[in-house]
Amino acid sequence: MADTMATAGAGSSGTRSGGKQSTNPADNYHLARRRTLQVVVSSLLTEAGFESAEKASVETLTEMLQSYISEIGRSAKSYCEHTARTQPTLSDIVVTLVEMGFNVDTLPAYAKRSQRMVITAPPVTNQPVTPKALTAGQNRPHPPHIPSHFPEFPDPHTYIKTPTYREPVSDYQVLREKAASQRRDVERALTRFMAKTGETQSLFKDDVSTFPLIAARPFTIPYLTALLPSELEMQQMEETDSSEQDEQTDTENLPLHISTDDSGAEKENTSVLQQNSSLTGSRNGEESLIDNPYLRPVKKPKIRRKKSLS
Amino acid sequence: MPPTGLEPARMNRKKGDKGFESPRPYKLTHQVVCINNINFQRKSVVGFVELTIFPTVANLNRIKLNSKQCRIYRVRINDLEAAFIYNDPTLEVCHNESKQRNLNYFSNAYAAAVSAVDPDAGNGELCIKVPSELWKHVDELKVLKIHINFSLDQPKGGLHFVVPSVEGSMAERGAHVFSCGYQNSTRFWFPCVDSYSELCTWKLEFTVDAAMVAVSNGDLVETVYTHDMRKKTFHYMLTIPTAASNIALAIGPFEILVDPYMHEVTHFCLPQLLPLLKHTTSYLHEVFEFYEEILTCRYPYSCFKTVFIDEAYVEVAAYASMSIFSTNLLHSAMIIDETPLTRRCLAQSLAQQFFGCFISRMSWSDEWVLKGISGYIYGLWMKKTFGVNEYRHWIKEELDKIVAYELKTGGVLLHPIFGGGKEKDNPASHLYFSIKHPHTLSWEYYTMFQCKAHLVMRLIENRISMEFMLQVFNKLLSLASTASSQKFQSHMWSQMLVSTFGFLKSISNVSGKDIQPLIKQWVDQSGVVKFYGSFAFNRKRNVLELEIKQDYTSPGTQKYVGPLKVTVQELDGSFNHTLQIEENSLKHDIPCHSKSRRNKKKKIPLMNGEEVDMDLSAMDADSPLLWIRIDPDMSVLRKVEFEQADFMWQYQLRYERDVVAQQESILALEKFPTPASRLALTDILEQEQCFYRVRMSACFCLAKIANSMVSTWTGPPAMKSLFTRMFCCKTCPNIVKTNNFMSFQSYFLQKTMPVAMALLRDVHNLCPKEVLTFILDLIKYNDNRKNKFSDNYYRAEMIDALANSVTPAVSVNNEVRTLDNLNPDVRLILEEITRFLNMEKLLPSYRHTITVSCLRAIRVLQKNGHVPSDPTLFKSYAEYGHFVDIRIAALEAVVDYTKVDRSYEELQWLLNMIQNDPVPYVRHKILHMLTKNPPFTKNMESPLCNEALVDQLWKLMNSGTSHDWRLRCGAVDLYFTLFGLSRPSCLPLPELGLVLNLKEKKAVLNPTIIPEVITGNQETAINPSGHAQLVGFQNPFSSSQDEEEIDMDTVHDSQAFISHHLNMLERPSTPGLSKYRPASSRALMPQHSPGGDGTPLTKPQWGMELARKGTGKEQSPLEMSMHPVATAPLSVFSKESTSSKHSDHHHHHHHEHKKKKKKHKHKHKHKHKHESKEKDKEPFTFSSPASGRSIRSPSLSD
């Protein structure tokens, strides 16, 4: 399979590479890139079952592929710069792809597809003379999905990291202190930001900035925010619920008897919260068992009723 | 006084359970209510009702029904058009915009107006004439069907629309409507007989938008689409005879939850709240089981519905087979504090289903039975659910509340019996409102009434045992259910009505005990008992000499005669003694069992059989007494002030196992700031077996003691090390453990301790820096990530603690408060508050508890001069659209600001809100808060007190609040607080000396300025015809057939009012007297002093007291100069008055009324004179002649 691809690719690109070698290195680079892209397009076409293709269409596809890859690069760069980094990370690429409407989940499978073609190494122009450096350790071999003509891994010491930890902060007091001040800083920054960007109220007429209060804004339905637990709390509850359920038993002897009642009620409720979304469904299921007038279907109007109502 | 109205009440007691005599000449058997259009946009309702009635007298030609607000289009009786008159005197209580501004006058007129439409007196706003074609039919006592078409447009009361202004259809917006009101208020939304005693069966139909649900009473028979399929009609049938007042409705896009334990129970809530609803109602079935078990009676209705709605009128409202709750009771499993409160509300409403809805009452004076029983069984539920400690604590709390209220206001009467309306028979002469009707009652009074009712039920239980008590309830219920199943024998239905007599008879039948003395003491009579106890130990006789005194002369008290339990804890054990409290015996000798002995190491047996080791070193060596308790079971409604030594209180706190005793000793220890008290309190705080509420109050007591001992206090601030030990990390004591609220007991303690600690003060009267840092650290290190429960209440209390730590700013010659001169401690506090308040915007807490606390704290900072006093912030939080708790907190701050800064603008803003706010509860609450924290009171000079304000408030009570009984009574409360009973002192005398009495077709002197005879001359006063004149003047209904309803109280009170003003006239200190124009002298002078019977009717002491008051007052030179002007016409008056003539016909019967009384008055006149001399207190407390013992007692003695 790989062979067929190779021939198809080499047919179109091989000839051109020879003639244009005299141009300057930049052109050279572009040409080489374009040639490689053409090879890729050709191989993909072959993979898709084409036996031959018109030059114009191959050119068009190449152009498209080039723009697509350029766009990935551009966006990825933007994303990484947005987060104040210089090197794009994998997640930047992923976000880019998602943004461009590409289903990232399908990528690994695609990469490992069986009928995959491997592109032959581009003709080596002047092989850069790598200064023989001190080799340290064994270079890692390429994993199977990286073609062998790709550059070798650099020496292990350049990328393998042996992290040296500072003594982990295990002192409880420091941890708490840190957590507390961190949270406080975040809260303060956040509220200050909100206060700066929105309307504020102040307790002092002469100074509106030292203690800015985010202006009170009435809600259309005030009870919803007041009663419903925030998502954060819901999340917390789910996390703590399972772990601490068993502790319930030792609170049962409290004089305040709600605890006992609560335990039952809470179990009830957690299941409620989980089933919440499927509640309407489950109610339909219960309907057959429960005879409640509010669950009965609404009747169609009767002709007779018309008179009595009017 | 309408004799018709009072008949049933009196009859009940006399005639007995022969029963119920309907005040109406017909019996209602069935009513159809059909609402076929509800428009949320316009807030309107269109529908009809059809009442099926059977005449009970042959000549029935008028049918009176209740209806308010409704526009009535058409009335038909048996398909014949019927004429009708609509007259509602309560719309505007005092007509003619007379310049009457005294509350006495208003209250009487208001009571008369309510009587005039009172269904229990057979009256109503709507009077329908039976067409003459049907007279024959009526004579045969045949059935009449009254069909009334009506509509309601933008109802201001009775039905409340909640329509959020967002995009979308009404259902998507969560728009809903529900019925609400105080007592019988059904007449606000459909014509009916709005009485608790007129039972009938019901057919209810509501056509609503297809996306909505209509919840109402009884069984949902079917739901049918309309022809266009866009609406559906809910058909309800209620076959159990029910009073109209127990009919309710709630329509909205409700989420439906069928109770998983009881399928006949359905819960409804607003969209998105279903998870909360599930959790909140998951407990309800246990309440059902409990009540059914103790009452050995099934829940009387075939179904039960709970509806949770927004902008609720009250938290809990019970109606036949359904209850309407505030949506704010809903909570998730993470909320600790709200859980018991909500469960209490659920249980309360369910208790009222049995007693209040299913069993109704015969008349208003029987209300106490229903409230008492439902409150009592609710108490039993509390005992079972929260334990005996909680129950006893609650009883103590309720007892303290009622005692405080009665001592303050002069008594709550459970079973008022009204005589002929004479003043001496007025059972509530100490009050500024009438207690003849629920609708004239102050809300606070009614709350206290309910409280007293259940406490009295508990007293009855103490007397006859719980077993008998429950048997009585069961008997009432089974009688009622038998009656309710008699579908076609409507005369049987009166068995479903409870009366005081019936209830008492049932008790005596079941228990065979005579509880009449108890009833007489607590039910037929108002007031509580006030004991003062002290003791001495007689070593020689080994006898405890106990002295128990009573104060039964102060207002709100009564004399107690009968058994009283005293528990004495001695070294040898605890002994109960029952003393007989009699008229003259104050001293009681109680023999002691143990000789005083020390050094013998022996355990001391306690009341509950427990034996404990005690350190007896603190004891008095000569006495074996550890502690003494008077009435430990709270079997008397009383206040006890008992004197015993500090060590006895300390022993009591440590070793007495009853939480009430512990609570009492904590209160007493406040007066003993000694190291021993400190130790006792600290020990209690640490004792985990001790009831958490006791420990909580120990915190506050400890703070007080620490402050009293500030100079000798050693060690860290009180409670600090204790808190550290209990709640902070072992390794780093300045950091609090991450929150774990699994043990509610310690949760409550953890919440409370910092709040109490913040009350600590150092020698400079500042909160110690150490304490503030400590609280700030608690806030800083608060970590709730691992907690199963929300910490919103905890954080809110931390803010409360910060607020508690604030002390008044040191002000240098009233400088303006700016940031620069902000105290550094306050800066820290303010920083926390700012952060908390801002975080609430992003991550709101449950019920916005934190915002509420922040707002309160800001007000505290303002009040203490750290932050410029400014209501703007509060006003923005008080706007409609904020959560109700926030609004109330903000409004409270504005009310406080209004008081402190005497701001007219803010007062106007509040008054405007009282009139215009969309939420009835908020309006009510503002009035309530203004009453509790008034900008000024009647004896206070204030720039706010001016004529415009008086007019405004008067208008508010008179006509502005006619759609809401509770609000109107709230306005009356406020008016009373601000101006008292008589004419507000800031008012000038009325400009018009003359008024036209159209009825008599002549001009008379304005009754408000009828001059009294010279003060010195006690013998002459206004003669009867003088006030007879008044009657005609003031009774706005005299044109109707209610002439006989003229209230004699009115006469008296107005008379007092006049005499008051006459005195004012003579003492020209009256402000604004200059406005008085002597022009009146040109007219007919009023009928003044007596022709034949010159008996003076005015209370003589009046003149005396007022005279002193008058002269005592500072007189401005201007006013002094007015004197001659004023006296000139006066002399004319006094002369002219003698030549007056008797007035006309319609006052005759008053003379008859009067005659008997005149004698008393005369007899006691001189006595009063002397008494009045002894009274140094404010004479205006007697501004009502109807108030005060001195007037009542003589008539009683006769």
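Residues numbered from 1 in each chain as written. Chains lettered and ligands numbered in written order. Predicted model: local features only at pLDDT ≥ 70, side-chain atom pairs only at ≥ 80, totals over all residues. Heavy atoms only, no water.

Peer 1: I'd like a rundown of the overall build of chain B, residues and numbers included.
Peer 2: Across its full length, chain B holds 34 helices and 33 strands. Here chain B, with 1198 residues, has 65% of them falling under the buried criterion. A total accessible area of about 43100 Å² is found for chain B, and carbon and sulfur atoms account for 53% of it. (Helix = DSSP H or I, 4+ residues; strand = E, 2+ residues; numbered from the N terminus. Buried < 20%, exposed > 50% of the residue type's maximum accessible area, 1.4 Å probe, protein only. Areas by Shrake-Rupley, 256 points an atom, 1.4 Å probe, with all protein chains shown as cover.)

Peer 1: Could you give an account of the overall build of chain A, with specific residues and numbers?
Peer 2: Within chain A, the secondary structure is distributed over 12 helices and 2 strands. Seen in sequence order, chain A has helices and strands lined up from the N terminus as α-α-α-α-α-α-α-β-β-α-α-α-α-α. When the 310 residues of chain A are sorted by exposure, 26% land in the buried category. Carbon and sulfur atoms make up 59% of the accessible area of chain A, which amounts to about 21300 Å² in all.

Peer 1: So what about the nonpolar core? Which residues, and what values?
Peer 2: Residue and element names in this part refer to chain B. Within the largest apolar cluster, 364 residues are counted, with the highest numbers of intra-cluster contacts made by Ile63, Tyr291, Phe355, Trp368, Ile460, Phe473 and Phe503. Ranked by the residues each element gives to this core, the list is headed by helix H8 (residues 367-409), at 19 residues. Ignoring any residue separated from it by four or fewer positions in sequence, one finds Phe473 in contact with Leu295, Phe355, Ile373, Tyr376, Ile377 and Phe503. (Core = buried A, V, L, I, M, F, W, Y, C linked by side-chain atoms within 4.5 Å. Contact = heavy atoms within 4.5 Å.)

Peer 1: Run through the domain arrangement of chain A, naming residues and quoting values.
Peer 2: Interface size is often expressed as the accessible area that is lost when the parts come together. Domain boundaries in chain A define domain 1 (27-112) and domain 2 (172-243). In this structure, domain 1 of chain A and domain 2 of chain A have C-alpha centres spaced 44 Å apart. (Domains from an automatic or database assignment.)

Peer 1: Just give me the short version of the sheet that holds strand S27 (residues 587-591) of chain B, but keep the residues and values in it.
Peer 2: Residues and elements named next belong to chain B. The strand order across the open sheet built from 4 strands is S27-S24-S23-S31, with neighbouring strands paired in mixed fashion. The open sheet has two free edges, formed respectively by S27 and strand S31 (638-642), since each of these has just one partner strand. Each adjacent strand pair in this sheet contributes to an overall mean axis angle of 25°, direction not counted. Across 5 bridges, the pairing between strand S24 (residues 543-550) and S27 is antiparallel. (Pairing = 2+ DSSP bridges. Axes fitted to C-alpha atoms, helices over the stretch in contact; angles between N-to-C directions.)

Peer 1: Pulling in residues and values, what's your account of the UniProt feature "domain: Bromodomain associated" (unreviewed entry) in chain A?
Peer 2: Within this structure's numbering, the places UniProt gives as "domain: Bromodomain associated" (unreviewed entry) are residues 29-106 of chain A. Counting secondary structure, residues 29-106 of chain A comes out at 74% helix and 0% strand; the distance between its end C-alpha atoms is 31 Å. (UniProt positions renumbered as here; feature names shortened; annotations may be inferred.)

Peer 1: Quick one: what's the story with the pattern of salt bridges, residue by residue and with numbers?
Peer 2: Counted according to the given criterion, the structure contains 61 salt bridges over all chains. Measuring nitrogen to oxygen at the nearest pair gives 2.8 Å for the salt bridge that ties B:Arg693 to B:Glu390. Highlighted residues: B:Arg693 in helix H16 (residues 692-708) and B:Glu390 in helix H8, separated in sequence by 303 residues. With a relative accessible area of 2%, B:Glu390 lands in the buried category. For B:Arg541, the salt bridge goes to B:Asp589, with nearest N and O atoms at 2.7 Å. Residue B:Arg541 is located in the loop between strand S23 (529-538) and S24, and its partner B:Asp589 is located in strand S27; the two are separated by 48 residues in the primary sequence. What makes B:Arg541 partly exposed here is its relative accessible area of 46%. In the salt-bridge network here, residues are joined through shared partners; they are A:Arg183, A:Arg184, A:Glu187, B:Glu832 and B:Arg835. (Salt bridge = Lys/Arg side-chain N within 4 Å of Asp/Glu carboxyl O.)

Peer 1: Please set out the packing of aromatic side chains residue by residue, giving values where relevant.
Peer 2: The description of an aromatic ring pair rests on the distance of the ring centres and on the angle between the ring planes. Residue and element names in this part refer to chain B. All told, the structure shown has 53 aromatic pairs over all chains when counted by the stated rule. Judged by centre distance (6.2 Å) and plane angle (65°), the rings of Phe254 and Phe268 are edge-to-face. In this pair, Phe254 sits in the loop between strand S15 (249-252) and strand S16 (255-258) while Phe268 sits in strand S17 (residues 265-269), placing the two residues 14 residues apart along the sequence. By relative accessible area, which is 6% here, Phe254 ends up buried. (Phe/Tyr/Trp six-rings, centres within 6.5 Å; stacked < 30°, edge-to-face > 60°.)

Peer 1: Outline the environment of B:Glu947, supporting the account with residue identities and numerical values.
Peer 2: Here B:Glu947 shows up in helix H27 (residues 947-960). Look at B:Glu947 and you get partly exposed, because its relative accessible area is 27%.

Peer 1: Tell me what's going on with the side chain of B:Glu461, and back it up with residues and numbers.
Peer 2: Residue and element names in this part refer to chain B. Take Glu461: it is sitting in helix H9 (residues 443-464). Buried and unpaired, Glu461 has no salt bridge, with Lys383 as the nearest side chain of opposite charge at 5.1 Å. The residues touching Glu461, leaving out its near neighbours within four places in the chain, are Tyr376, Leu380, Met466 and Met469. (Lys, Arg positive; Asp, Glu negative; His and termini not counted.)

Peer 1: I'd like to hear about unusual backbone geometry, residue by residue, with values.
Peer 2: A negative phi angle is the norm for most residues apart from glycine, just as the trans form is the norm for most peptide bonds. Residue and element names in this part refer to chain B. Positive phi is not limited to glycine here, since Met229 has a value of about 65°. Tracing the chain through its elements places Met229 in the loop between strand S13 (219-225) and strand S14 (231-243). Among the residues examined, Met229 registers a relative accessible area of 34% and is labelled partly exposed. The backbone phi angle of Gln272 is positive, close to 80°, even though this residue is not glycine. Along the polypeptide, Gln272 turns up in the loop between S17 and helix H5 (274-281).

Peer 1: Can you lay out the pairing of strand S9 (residues 159-162) of chain B for me, pointing to particular residues and giving the numbers?
Peer 2: Consecutive side chains along a regular strand alternate between the two faces of the sheet. Residues and elements named next belong to chain B. Going residue by residue along S9, you find Leu159 and Phe161 tucked away on one face and His160 and Val162 tucked away on the opposite face as well. The pairing of S9 with strand S10 (residues 176-179) spans 4 bridges and is antiparallel. Paired with Phe161 across the strands is Val177, a residue of S10.

Peer 1: I'd like to hear about a nonpolar patch on the surface, residue by residue, with values.
Peer 2: Residue and element names in this part refer to chain A. Together, Leu44, Leu107 and Tyr110 give the surface a local cluster of nonpolar side chains, amounting to about 250 Å² of exposed area. Checked against the element boundaries, Leu44 lands in helix H2 (residues 25-47). Owing to a relative accessible area of 34%, Leu44 belongs among the partly exposed residues under this scheme. (Patch = residues over 30% accessible without salt bridge, like charges linked within 9 Å, V, L, I, M, F, W, Y side chains within 5 Å.)

Peer 1: Describe the sheet that holds strand S5 (residues 80-81) of chain B, listing the residues and the values that go with them.
Peer 2: Pairing is mixed across the open sheet formed by 8 strands, whose spatial order is S5-S4-S8-S2-S1-S11-S14-S13 (chain B). Two strands bound the open sheet, and with one partner strand each, they are S5 and S13 of chain B.

Peer 1: Residues and numbers for the confidence of the model for chain A, please.
Peer 2: Residue and element names in this part refer to chain A. Residue-level pLDDT values for chain A average 72, and 67% of them are 70 or greater. Every residue in residues 1-21 is under pLDDT 50, and counting partners more than four places away or in other chains gives 25 contacts. Here residues 242-287 is modelled with pLDDT under 50, and outside its nearest four sequence neighbours on either side it reaches 72 contacts, counting other chains as well. (pLDDT = per-residue confidence, 0-100.)

Peer 1: Outline the side chain of B:Arg966, listing residues and values.
Peer 2: Residues and elements named next belong to chain B. Its location among the elements puts Arg966 in helix H28 (residues 965-979). One polar contact links the side chain of Arg966 to the main-chain carbonyl oxygen of Tyr313, over a distance of 3.0 Å. Those residues in contact with Arg966, other than ones at most four positions away along the chain, are Tyr182, Tyr313, Val314, Trp443, Pro920, Tyr921 and His924. (Polar contact = N/O pair within 3.5 Å; in protein donor to acceptor, adjacent residues only side chain to side chain.)

Peer 1: So what's going on with the packing of helix H6 (residues 284-295) of chain B against helix H7 (residues 338-354) of chain B? Residues and values would help.
Peer 2: Residues and elements named next belong to chain B. At their nearest, the axes of H6 and H7 sit 10 Å apart, and the two run at 40° to each other. As summarised for this structure, H6 and H7 are arranged oblique, according to the angle between their axes. Of the two possible hands of crossing, H6 and H7 adopt the one that is right-handed. Counting all contacts with H6, which are made through Leu284, Val287, Phe288, Tyr291, Glu292 and Leu295, the residues of H7 involved are Leu346, Ala347, Gln348, Leu350, Ala351 and Phe354. Partitioned by chemical class, the residues of the contact of H6 with H7 number 10 nonpolar, 1 polar and 1 charged. (Parallel < 35°, antiparallel > 145°, perpendicular 65-115°, else oblique. Left-handed = near helix turned anticlockwise from the far one by under 90°. Nonpolar A, V, L, I, M, F, W, Y, C, P; charged D, E, K, R; others polar.)

Peer 1: Report on H28(B), specifying residues and quantitative values.
Peer 2: Along an α-helix, residues three or four apart share an orientation, since each turn contains 3.6 residues. Residues and elements named next belong to chain B. If you check H28, its first and last C-alpha atoms are 21 Å apart, about what 15 residues at 1.5 Å a residue would give, namely 21 Å. Of all 15 residues in H28, 14 are buried, a share of seventy percent or more. Near the N-terminus of H28, the side chain that reaches the backbone nitrogen of Arg966, with its oxygen 3.0 Å away, is that of Asp964. Of the residues one or two after H28, Gly980 is the one with positive phi, at around 80°. (Expected span 1.5 Å × (residues − 1).)

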